[in-house]
Amino acid sequence: MSRLYQRGVVVLTGVTRFLRGLARLIFVMAVLGAILVGGGIALAVAHFSEDLPDHQQLLSYQPATGTKVYAGDGSLLAEFAAENRTIVPLKQIPPLVVHAFLAAEDRDFYSHNGVNPMSILRAALADVMRYGRGQRPLGASTITQQLVRHFLLSNEVSVARKIKEALLAYRIESQLSKDRILEIYLNEIYFGAGAYGVEAAAQTYFTKHIGELDIAQVAFLAALPKAPNNYNPVRHPDAAKARRDWVIDGMADEGWVTAADAQNAKSEPLGATPRTQEVGQPGYFAEEVRRELVDRFGEKAVYEGGLTVRTSYVPTYQAIAERAFHAGLVEYDRRHGWRGPLQRLQNVAAAETALRTMTDPTAMPDWRVAAVTGVDSGGATIALKSGAAGRIPLNEMSWARKTLPDQRLGAGVYRPQDVLNPGDLVYVEPLGAAAPAGAAAANAPKAAVQRSAALLYGLRQVPDISGGFVVMDPKTGRTFALVGGWDFHDSQFDRAVQARRQPGSSIKPFVYVTALQGDYTPSSVIQDAPISLPQGPGLPDWSPANYEGNYVGSTTLRQALVHSRNLATARLASLIGLPAIAKTVQDFGIMDKMPLYYSMALGAGDTTLYRMTAAYSMLDNGGHWLLPSIIDLVQDRDGRIVYQKGLANCPACYVVAGPRTGADTGGLYKPAGAAEPSMIWLKGASYANNPIYFKPAKTDPLVDGIADHQIVSMMEGVVQQGTGIKVAAVGKPIAGKTGTSSEWFDAWFVGFSPDLAAGAYVGFDTPRTLGDGETGGNVAAPIFRDFMSAALKDAPALPFPDAPGATMVLVNSITGQRTAAGDPQAVLEAFRPGTEPGSGYSGPQMAAMPDAGDPDTQLPASGGVISANARLPIGTVVPPPSAPRRPLTGTGGLY
C-alpha cells in the first residue's frame, strides 16, 4: 500500500507540476495574446486615426438654411434654399417626437458612449443569415454614428468605414452633449420629398408644425430616415404603414406611450401626402430679389446662409398690376387677330388624347385647355380635361380674324369654320350657362336645346406680345410691384428690369424740365415747324416729323409737351443744347451716358422701364434723387443687419455699425452731437461689423422745386388734354407721359399720382411693329389707367403740392397768357417771380427762330466731340459730333 501510495503521490505531483506549467503557459500565452490583440487594436486605431476626417465641423455645426424673403406686409414671399429646412431647438421639440425617433433609431441613445456593442452583436448574428441569402448587411449605427456618416464619411459598406465611424462617434460624444447631438440629428436628417429636419418634414407630409402632430404622425416621420424612398406613403403605402406601426410598438415597449394609445395610433390611416414646398409664386419680383442678393452676398450665403430679407413688395399692388397688365395685352392681341389653335390634330380622338397631357395656362387662372369636338353654323362644341362639355358661340369668335404681317387683319369671321375645326386644341374661358327659355325651348330641336343649355366659353389666345409694369413709391424709391412679362413660368427674362428699349416721347419731360431750369417757362413760345439738324460729316440731315404729319407753328412749351410735338421738342433741344439734356437724363438715372445726338431728345436711346419709372418718381418727389430698390433690409442667421436701404425722409442718411446712443427721434436714434443728416441708427437694431452702407451718389435736388412743379403740371395736362387722355378716367390727379418709338415698335406710359408712381411698357421681344396707330396712348396707357383706378379706388383725390417761392398765375393753357376765372382752358401755372406773363419778362428770343428752309437753321458741322459735362448758355446752337457711333435714320419718339 505504501508503495502504491508513494507512486500515486509521485504521479499526482507530476500532474500538478504539469498543470502548473500548463497554466503558466496559458497565462503567458493569454498575456501575450492580450498584448498582441491590444497592440493590434492600438495599431488599428492608430492606423485608422491617421486619416480620420476633422470632426470640428460637426462641433461648430451651422445648418444649411436658405434665405427667407418677406413682403412689405410681413407675409412670406419666397425662399431660396438648397435644402428645405427649418431649424427647431431641441427644447421646442415635443418629447413625443424625441421618443418616436429614439424608438426607431437608437433606444439606448442616452446610455451608450457613441457605439452600442449589444446592437452590433445582434446585427452581426442577423447578418450571418442575411449573408447566406445574399442580402445587404443590417446596420447597427447609433444616432451619433449616423451623424458621423452623414457629415464626415460616405455610405460605403466596409469594416474600415465602420471602425472610423466608431472612433469618430466616441470623439464626438466626449465633446458634445447628448441633447446637442440629438438636436443636430433631428434638424439635419433627410425625410424625402425635399424635406430636411423634422419641422420641414411635418410641413411637407402633414401641413402642420411639429408640435401639432399625433402619435401616428410622429411615428411615420420617425420611420422615414432609414429609407425615405422605400417608405414613401404614395408609392409604398403598405411598407410605410408597417414601418410606422413598428415604431409605435417600440414606443409602447419603452413605456413612452400606453398600449391603448399605441393600438389606436396603429388603427389610423397614414394620412401623409408628400408635397413640394411652394411659397407663393416665385415671380419676377422674387427673382430680382434673388439676383440682387447673389450679387451682394454670393450664392452660398443666399442658399445656405440663413439670411432674412425684408422687401418693399405689396401683394395687393402686385395682384392689381398683373390683372391690368394681362388685360391690356389680351385687349391689344384681340385687336390683331387669331394666329391659330394650340395644335391642329387629324381628328377628335387624337385631340382628346392629347388634351390629357396639356396644362392650363398659369397666368390666367380661369382659362382652360379644350378640344374642339364639333363645329356647326352656330358655334363649336368642346370637351375639357375634366370631361365636361361646353360650347363656343359664333359671336365669341368674331374677333378671331386671321393675323397678317405687320399686325394687319384678314377677312371677317362669318362662320365658325373660318376659325376652328374638329380636332383643334384651344384655350377657352367660361362665360356662364345659357339656357333656352319659354317657347323657344319648346319649339327648338332637342339637339339645339342641349347645345344652347351647355356652359358657354369664350375663345382665348395667349398674346405673343409682352412687356413690363413697375409700381414704385415716389417718396422713397421702394418698388411695390413688378411684372416682367406675361408669365414667369414661361419666361424668366424680366422685361421691366432687363429689357433695354427706346422710350420714345416718354423721355420728353426731361428735355422740357432742363429748359425750365433756365430761361424758359411753360408759357414760352416755340416754333412747331419743320427742322433739319445735321448728324455729322457724310451723314444725311436728321429731319424729325410729328406723329400727325403736320405742324402747328407757334406753340407754348406746355402745349408742345401735352400734344407731344416732335418738331417743337427737336427745336427746343437744339436751343438748350445736348450736354444740358444729357446731364439731366444721366442725373435722373435714365441712361448712364446719353449719346449726344438730337434724336435722343425724342427717345431714340435705350433704357429700361424700371429706370424710367424711377426717374418719374424723382419728378414726383419734388426733383429729389431716389435710390430705386426692392430690398429694404437683410439680416444674417443671428439677426444682425448686414444691409439696409437708406431711411425714408432722409435722402442723405446711411446705416453704420456701432453703439446706438443719443436722443430718441421717433424710432430712430441720433448720436449725441451728430449733425443731420450725417448718420442714423435704428433703435434697438444689431449691426454686423461690416454692413453694406447706403450712400447717396447724386447731388440733391436734381432740379429746383419750381421747375419740377412746372413739369409735373404740364404732365397733368398730358393726361387731361393730351396724348394720355385715356388715363383721365382714373378721376384723380395724375401726371404722366406717353411714349412710342419709331414704326410703333415700343409703347410706353409712365406716370404718377402724388403718392404712387407706375410705368407700363409693351412690345415684342424681337422688335417689330405693333401695328399702325398702336401708340403708347392706345396700348400702354389703358394698362396704367386700369391699375391706378383700382389702386387709388379708396384714396382721396389729393392735389400735387405747391411750389415754394413760385408766383401762381391763372393762364390760358393754349396761349400761355393771363386769363380770368371761368376760362375753360384756364390753368393755374407756377412761375419764377418776375417771369410770369405781363411782368415784362421776354424770356429767350424765340421769335427770331428761322424756319427749316432757312440756311441759318442748319447747325454747322464740327470736327470736335461735345463733352457731356460741357455747360453752354441757354439758346446756344450746339454743333454735333463729327464721327457719330451710328447713323440715326429714325425719327425717335413718335407720340
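Located above this text is the structure these notes cover.
Residues numbered from 1 in each chain as written. Predicted model: local features only at pLDDT ≥ 70, side-chain atom pairs only at ≥ 80, totals over all residues. Heavy atoms only, no water.

J.: For the pairing of strand β26 (residues 757–763), give the residues involved together with the corresponding values.
T.: Taking burial as the measure, the seven residues of β26 include seven buried ones, the bulk of the element. Alternating positions in β26 separate into two faces, Ala757, Gly759, Tyr761 and Gly763 on one and Ala758, Ala760 and Val762 on the other, with burial throughout. Relative to β26, strand β25 (residues 746–752) is paired through seven bridges, and the arrangement is antiparallel. Within β26, the residue paired with Gly751 across the bridge is Ala758. Once β25 ends, the chain turns through four residues before running back antiparallel as β26. (Buried < 20%, exposed > 50% of the residue type's maximum accessible area, 1.4 Å probe, protein only. Helix = DSSP H or I, 4+ residues; strand = E, 2+ residues; numbered from the N terminus. Pairing = 2+ DSSP bridges.)

J.: Residue-level account of the pattern of salt bridges, with values.
T.: If you walk through the whole model with that rule in mind, you get 35 salt bridges. The partner of Arg495 in a salt bridge is Asp765, with the nearest N and O atoms 2.8 Å apart. Within this pair, whereas Arg495 is found in the loop between β15 (479–483) and α18 (508–516), its partner Asp765 is found in the loop between β26 and α24 (776–779), the two being separated by 270 residues in sequence. Assessed through its relative accessible area of 5%, Arg495 is described here as buried. For Arg785, the salt bridge goes to Asp786, with nearest N and O atoms at 3.0 Å. For Asp786, a relative accessible area of 30% translates into the label partly exposed. One network of salt bridges, with partners in common, ties together Glu287, Glu288, Arg290 and Arg291. (Salt bridge = Lys/Arg side-chain N within 4 Å of Asp/Glu carboxyl O.)

J.: Describe the sheet that holds β15, listing the residues and the values that go with them.
T.: With antiparallel pairing, the five strands of this open sheet are ordered in space as β15-β14-β26-β25-β24. Edge positions in the sheet fall to β15 and β24 (735–740), since each of these pairs with one other strand and no more. Across the sheet, the axes of successive neighbouring strands diverge by a mean angle of 5 degrees, strand direction being ignored. Sitting on the sheet, helix α23 (residues 705–721) is in contact with β24 and β25, with an inclination near 65 degrees to β24. (Axes fitted to C-alpha atoms, helices over the stretch in contact; angles between N-to-C directions. Contact = heavy atoms within 4.5 Å.)

J.: Describe empty space enclosed by the protein, and please don't skip the residues or the numbers.
T.: In this structure the tally under the stated criterion is two cavities of 30 Å³ or more. Of the volumes computed, that of the second largest cavity is approximately 40 Å³. Taken together, Val330, Asp333, Arg334, Trp399, Leu459, Arg460 and Gln461 make up the lining of the second largest cavity. Those elements giving two or more residues to the lining of the second largest cavity turn out to be α14 (315–335) and β13 (455–460). No other element matches the three residues that α14 contributes to the lining of the second largest cavity. For the lining of the second largest cavity, the per-class residue count stands at three nonpolar, one polar and three charged. (1 Å grid on protein atoms, 1.4 Å probe; cavity = no way out; pocket = protein on both sides within 12 Å on 5 of 7 lines; lining within 4 Å. Points joined across faces, edges and corners; volume = space filled by probe spheres on them. Nonpolar A, V, L, I, M, F, W, Y, C, P; charged D, E, K, R; others polar.)

J.: Could you give an account of a nonpolar patch on the surface, with specific residues and numbers?
T.: Together, Phe18, Leu19, Leu22, Leu25, Ile26 and Met29 give the surface a local cluster of nonpolar side chains, amounting to about 600 Å² of exposed area. By the secondary structure assignment, Leu22 is in helix α1 (residues 2–50). (Patch = residues over 30% accessible without salt bridge, like charges linked within 9 Å, V, L, I, M, F, W, Y side chains within 5 Å. Areas by Shrake-Rupley, 256 points an atom, 1.4 Å probe, with all protein chains shown as cover.)

J.: Please provide a residue-by-residue account of the side chain of Ser617, values included.
T.: Within the fold, Ser617 resides in helix α22 (residues 609–620). The exposure class of Ser617 is buried, given its relative accessible area of 0%. A polar atom in the side chain of Ser617 sits 2.9 Å from the backbone oxygen of Thr613. Residues contacting Ser617, with those up to four places away along its chain left out, are Met472, Pro474, Leu626 and Ala757. (Polar contact = N/O pair within 3.5 Å; in protein donor to acceptor, adjacent residues only side chain to side chain.)

J.: Go over helix α10 (residues 237–253) with me, naming the residues and quoting the values.
T.: An α-helical turn contains 3.6 residues, so any two residues separated by three or four positions project in the same direction. Helix length check: α10, at 17 residues, gives a terminal C-alpha distance of 24 Å against a target of 24 Å (1.5 Å per residue), a fit within 8%. For α10, the full list of buried residues reads Ala240, Arg243, Arg244, Asp245, Val247, Ile248, Gly250 and Met251. (Expected span 1.5 Å × (residues − 1).)

J.: Describe unusual backbone geometry, with residues and values.
T.: Trans peptide bonds make up the majority, and among non-glycine residues the majority have a negative phi. Of note, Gln407 is a non-glycine position whose phi angle comes to about 60 degrees, a positive value. Note on placement: Gln407 falls in the loop between β10 (403–404) and β11 (408–409). Within the chain, Trp744 stands out as a residue other than glycine whose phi angle is a positive 55 degrees. Here Trp744 lies in the loop between β24 and β25. Assessed through its relative accessible area of 17%, Trp744 is described here as buried.

J.: Can you break down the environment of His326 residue by residue, with the values?
T.: Structurally, His326 can be placed in helix α14. Once the C-alpha coordinates of His326 and Val483 are considered, the two residues, 157 residues apart in sequence, prove to be 9.8 Å apart. Leave out the neighbours within four places in its chain, and His326 touches Ala363, Met364 and Trp486. There is a polar contact of 2.8 Å between the side chain of His326 and the backbone oxygen of Trp486.

J.: Provide a residue-level description of the environment of Asp106, including the pertinent values.
T.: Looking at the secondary structure, you find Asp106 in the loop between α3 (95–105) and α4 (117–132). Separated by 36 residues in sequence, Asp106 and Thr142 have C-alpha atoms that sit 5.6 Å apart. With sequence-adjacent residues up to four places away left out, Asp106 is seen in contact with Phe101, His112, Thr142 and Ile143. Only 2.8 Å separates the side chain of Asp106 from the side chain of His112, close enough to count as a polar contact.

J.: Mind laying out the packing of aromatic side chains, listing which residues take part and the relevant values?
T.: Summed over the entire model, instances satisfying the criterion amount to 19 aromatic pairs. Their ring planes at 40 degrees and their centres at 5.6 Å tell us that Tyr317 and Phe480 sit as a pair that is tilted. On the criterion of sequence distance, the pair formed by Tyr317 in helix α14 and Phe480 in strand β15 is long-range, its members being 163 residues apart. For the pair formed by Tyr317 and Phe480, the shared burial category is buried. A network of ring pairs unites the aromatic residues Phe510, Phe588, Tyr616, Phe752 and Phe800 as a single cluster. Here Arg107 stacks its cationic end above the ring of Trp246, 5.6 Å away from the centre of that ring. (Phe/Tyr/Trp six-rings, centres within 6.5 Å; stacked < 30°, edge-to-face > 60°. Lys NZ or Arg CZ within 6 Å of the ring centre and 35° of its normal.)

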